[in-house]
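Secondary and tertiary structure notes
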Amino acid sequence: MYPEGLHYTKEHEWIKLEGDRGRVGITHFAQSQLGDVVFVELPKVGKPLRQMEAFGVVESVKAVSDLYCPVTGQVLEVNSSLESKPEQINSDPYGKGWMVVVKIAEPKELRNLMTAEKYKAYLAAEGH
Amino acid sequence: MRYIPNTEADCRTMLDAIGVRSSEELFADIPSKLRLKRGLDLPPPLSESGLRRQMNALAGKDADVDRYSSFLGAGAYNHFIPAAVSHLVFRSEFYTAYTPYQPEISQGTLQAIYEYQTLICQLTGMEIANASMYDGSSALAEAVLMAHRINGRQEVLMPRAVHPEYRMVCGTYANKLGLRLLELPYTDKGTTDLKQVKAALSPRTSCVVVQSPNFFGALEMLEEIAEAAHGADALLVVAVAEPVSFGIVRSPGECGADIVVGEGQSFGNHLNFGGPYLGFFATKEAYLRSMPGRLIGQTEDKHGRTGYVLTLSTREQHIRREKATSNICTNEGLCALTATVYLSLLGRTGLRELALLNLRKTAYAKAAFSKLRGYEVRFSGSTFNEFVVRSKKRTPAQVNRALLGKRIIGGMELGRFYPELADCLLLCVTEENSREEIDALCKAMGGAR
């Protein structure tokens, strides 16, 4: 449920390193808490983001939440298939449900994020 | 009639329960010098019938449209309201201003709002409409904010032919968001100058606002303005203060509007001293998630039966707090219901006939004023049910005073909002004004010298 090798935020995003780029999505926990996702609002390619800046919005039948970027960087790719198939976020949060790819500007910032093990402990401490 | 249900014994019991000697002690925290240590200086109480007489006498001091003939419009329109409207709206199943907190339990209320949204879409020529807003002016302000949400730009082109109070409300809403409202002048036709629109458009322009029929009653060239706005990647926001005009003019949607807002008072709602009124708000489906307010959707239950739900409310204030799409978190449910009943009674043909009546009577009055000594029609543009008259001799205030003496409510004195039109009156003629009334108005004004 929480793959090793990814870095996790306290706001329940994950980032996967691909060279100097990072692929970003939301965790299994986030999608299960939201319920059926019906809409995602993503940034335009090229948009610069700071670490933990809101980059978009995910909307389910019961809530709307901001999406926070795990690292500082520029948006290189956006998963446009989510426009017509937002349910991929529920069915495959670490695969087809990815949201953006960013060019990582400050690799040091990854230290502020959690490993899978730490994220699981964080969820447990939060009572989940 | 007793308004205070507590007996002295009730009060005693309550005071004993909390251990206080008198109710006066409950106010001990208020400094003594600030307290009024005597009864209020009020006249003695009245009986119910006496109270009724007094209130009627007070109401009789007003010049109302039942006892006066009225030629005042300017955003509030005197239309006939069939008795069937109040009969249906006052039914206990319907008679509340609130959309219930557990909305889906009230399928009838939701269905009525859904019908309302459908009617607004048909009239405006747009794809989606919300469940209503406070009034025309706040609906326009919300449209301006929405355009900014969509394209992030900062400038709003705001013609002076837009209702001055609508412009003021927009200014209040836009002010702290750093949006700039740029005024555009009107021409001798009483319409917005397309050349000036084109000259003012830039990559900073978020939207162009146009009111049609505009504040002077004149019809704007929506299609040309839409084309110009879209050419600069700006949105066109169309405001309609007199929606009876929908019965006869092409819908703003057909002319290329991106957001259409307006005032729905004309649809079965009384003048009500200026409120509560009904803001309507419609746009394209592509902008659904940027639209303020609530929305009723049609769906099916697990047995496949049609049902209605409050939808997309996840972006409203009670859920998203400070990140909500808009600060509006309610709607004008009862006024929207009234409009729905009214429009259903009129139907497509009825609304068209009503619009034609307004148009013809206004044309008759306008022709009369073009021949009346001491007056002239100020603007040359095509109008719907309002037009501007310039008084060459008497001031508009003098004219209106003389008219009131003859039980006629005259037009709005434009000097209040337009110093350069201080000698002008904005007159409105609806189906409620008979030919005799219009003739009497001309005679009274012709004689007011």
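Residues numbered from 1 in each chain as written. Chains lettered and ligands numbered in written order. Predicted model: local features only at pLDDT ≥ 70, side-chain atom pairs only at ≥ 80, totals over all residues.

A few points about the overall build of chain B
To keep it simple, the criterion reads: Only DSSP runs of H or I with at least four residues qualify as helices, and only runs of E with at least two residues qualify as strands; both kinds are numbered from the N terminus onward. Contact between residues is assigned whenever the C-beta positions, reconstructed from backbone atoms, fall within 7 Å.
Check the secondary structure of chain B and you find twelve helices and 15 strands. Based on the C-alpha atoms only, the size of chain B along its principal axes is roughly 80 × 65 × 50 Å. Considering only contacts within chain B whose residues lie at least 6 apart along the sequence, 73% involve residues at least 24 apart.

Remarks on the overall build of chain A
To be explicit about the condition: Radius of gyration here uses only the C-alpha atoms, and the compact-globule reference equals 2.2 Å multiplied by the residue count raised to the power 0.38. With C-beta atoms placed from the backbone, a residue is buried if 20 or more other C-beta atoms are within 10 Å of its own, exposed if 12 or fewer are, and partly exposed between those counts.
Of regular secondary structure, chain A possesses four helices and nine strands. Radius of gyration (C-alpha) of chain A: 13 Å, near the 14 Å computed for a compact globule of 128 residues. With respect to the principal axes defined by its C-alpha atoms, chain A has extents near 35 × 35 × 20 Å. Each of the 128 residues in chain A was classed as buried or not, and the buried ones make up 34%. A separation of at least 24 residues holds for 65% of the contacts in chain A among residues at least 6 apart in sequence.

Regarding the domain arrangement of chain B
Residue and element names in this part refer to chain B. Convention followed: Where each domain begins and ends is defined by an automated method or by a domain database. Polarity classes work like this: nonpolar for Ala, Val, Leu, Ile, Met, Phe, Trp, Tyr, Cys and Pro, charged for Asp, Glu, Lys and Arg, and polar for all others, with Gly in that last group.
Each assigned domain of chain B is listed here: domain 1 (69–81 + 348–447) and domain 2 (83–342). Here the C-alpha centre of domain 2 lies 27 Å away from the C-alpha centre of domain 1. The interface of domain 1 with domain 2 comprises 25 residues on the first partner and 28 residues on the second. The greatest single-element share of the side of domain 1 that touches domain 2, amounting to seven residues, is contributed by helix α10 (residues 333–371). For the side of domain 1 that touches domain 2, the class distribution of residues is 14 nonpolar, nine polar and two charged.

Considerations on the interface of chain A and chain B
Listed as interface residues are five residues of chain A and, on the opposing side, five residues of chain B. Considered class by class, the residues forming the side of chain A that touches chain B number three nonpolar, no polar and two charged.

Observations regarding helix α5 (residues 136–151) of chain B
Residues and elements named next belong to chain B. Defined as follows: The span one expects for a helix is its residue count, reduced by one, times 1.5 Å.
For α5, built from 16 residues, the straight-helix expectation of 22 Å at 1.5 Å per residue is met to within 8% by its first-to-last C-alpha distance of 23 Å. Burial analysis of α5 places 13 of its 16 residues in the buried class, the great majority of the element. Looking one or two residues beyond α5, the residue adopting positive phi is glycine 152, at roughly 70°.

What to know about the sheet that holds strand β8 (residues 73–78) of chain A
In a beta sheet, neighbouring strands pair by backbone hydrogen bonds and run either parallel or antiparallel. Worth spelling out the cut-off: At least two bridges found by DSSP between two strands is the condition for calling them paired.
In spatial order, the strands read β1-β2-β3-β9-β8-β5 (chain A); together these six strands make up an open sheet with antiparallel pairing. Of all the strands in the sheet, the pair left with one neighbour each is β1 (7–8) and β5 (48–49) of chain A.

Digging into the sheet that holds strand β7 (residues 64–68) of chain A
All names here are of chain A. What counts here: Whenever a helix is involved, its axis is fitted only over the stretch in contact; in every case the axis is a line through C-alpha atoms, and angles between N-to-C directions fall within 0 to 180 degrees.
Pairing within the open sheet is antiparallel, and its three strands lie in the order β4-β6-β7. Each having just a single partner strand, β4 (37–41) and β7 make up the two edges of the open sheet. Going from strand to strand, the sheet's axes swing by 25° on average, the running direction of each strand aside. As paired strands, strand β6 (residues 54–60) and β7 are joined by five bridges and run antiparallel to one another. Its bridge partner being in β7, glycine 56 is matched across the sheet by leucine 67.

Points about unusual backbone geometry
The bulk of non-glycine residues show a negative phi, and the bulk of peptide bonds are trans. Residues and elements named next belong to chain B. The linkage connecting serine 212 with the following residue, proline 213, adopts the cis geometry, with an omega of -5°. Relative to the assigned elements, proline 213 resides in the loop between β5 (205–211) and α8 (222–231). Going from glycine 275 to proline 276, the amide bond is cis rather than trans, its omega being 5°. Here proline 276 lies in the loop between β7 (259–263) and β8 (279–283). Positive phi outside glycine occurs at arginine 407, with the angle close to 55°. Along the chain, arginine 407 turns up in the loop between α11 (396–405) and β13 (408–409). A residue is classified by how many C-beta atoms lie within 10 Å of it, and arginine 407, with 12 of them, is exposed.

Description of α10(B)
For clarity, the threshold we go by: One fitted axis covers the seven residues ending at a residue, a second covers the seven starting there, and the bend at that residue is the angle between these axes.
With 39 residues, α10(B) extends just 46 Å between its outermost C-alpha atoms, more than 12% less than the 57 Å of an ideal straight helix rising 1.5 Å per residue. Maximal helix bending in α10(B) amounts to about 90°, located at B:Gly347.

What to know about the pairing of strand β10 (residues 306–311) of chain B
All names here are of chain B. In terms of strand pairing, strand β9 (residues 295–300) meets β10 through six bridges, oriented antiparallel. The partner of threonine 299 across the bridge, within β10, is glycine 307. Between β9 and β10, which pair antiparallel one after the other, the connecting turn spans five residues, and glycine 304 there sits at a positive phi close to 85°.

What about the packing of α5(B) against helix α6 (residues 164–175) of chain B?
All names here are of chain B. As a reminder, the rule being used: Note on angle classes: values under 35 degrees are labelled roughly parallel, values over 145 roughly antiparallel, values of 65 to 115 roughly perpendicular, and the remainder oblique. Crossings are classed by handedness, with left-handed meaning an anticlockwise turn of the near helix from the far one by less than a right angle and right-handed meaning a clockwise turn.
It is the contact of α5 with α6, at a shortest axis distance of 8 Å, that shows an interaxial angle of 45°. Put simply, α5 runs oblique to α6. For the crossing formed where α5 meets α6, the hand is right-handed. Between α5 and α6, the residues in contact are Gly136, Ser137, Ser138, Leu140, Ala141, Val144 and Leu145 and Glu165, Tyr166, Val169, Cys170, Tyr173 and Ala174, respectively.

Side note on the environment of B:Leu184
Residue and element names in this part refer to chain B. Its place among the elements puts leucine 184 in strand β4 (residues 180–184). Among the residues examined, leucine 184 registers 20 C-beta atoms within 10 Å and is labelled buried. Once the C-alpha coordinates of leucine 184 and glutamine 107 are considered, the two residues, 77 residues apart in sequence, prove to be 46 Å apart.

Notes on the environment of B:Ser23
One can find B:Ser23 in the loop between α1 (8–18) and α2 (48–59). Each C-alpha atom of the pair B:Ser23 and B:Tyr287 lies 57 Å from the other, and the pair is 264 residues apart in sequence.

Topic: the packing of helix α4 (residues 107–124) of chain B against α10(B)
Residues and elements named next belong to chain B. Between α4 and α10, the shortest axis-to-axis distance is 9 Å and the interhelical angle comes to 65°. Remark: the crossing between α4 and α10 carries left-handed chirality. Contact with α4, carried on its side by Ala112, Ile113, Glu115, Tyr116 and Leu119, involves Gly333, Ala336, Leu337, Ala339, Thr340 and Leu343 of α10 and no other residues of that element. For the contact of α4 with α10, a count of residues per class yields eight nonpolar, two polar and one charged.

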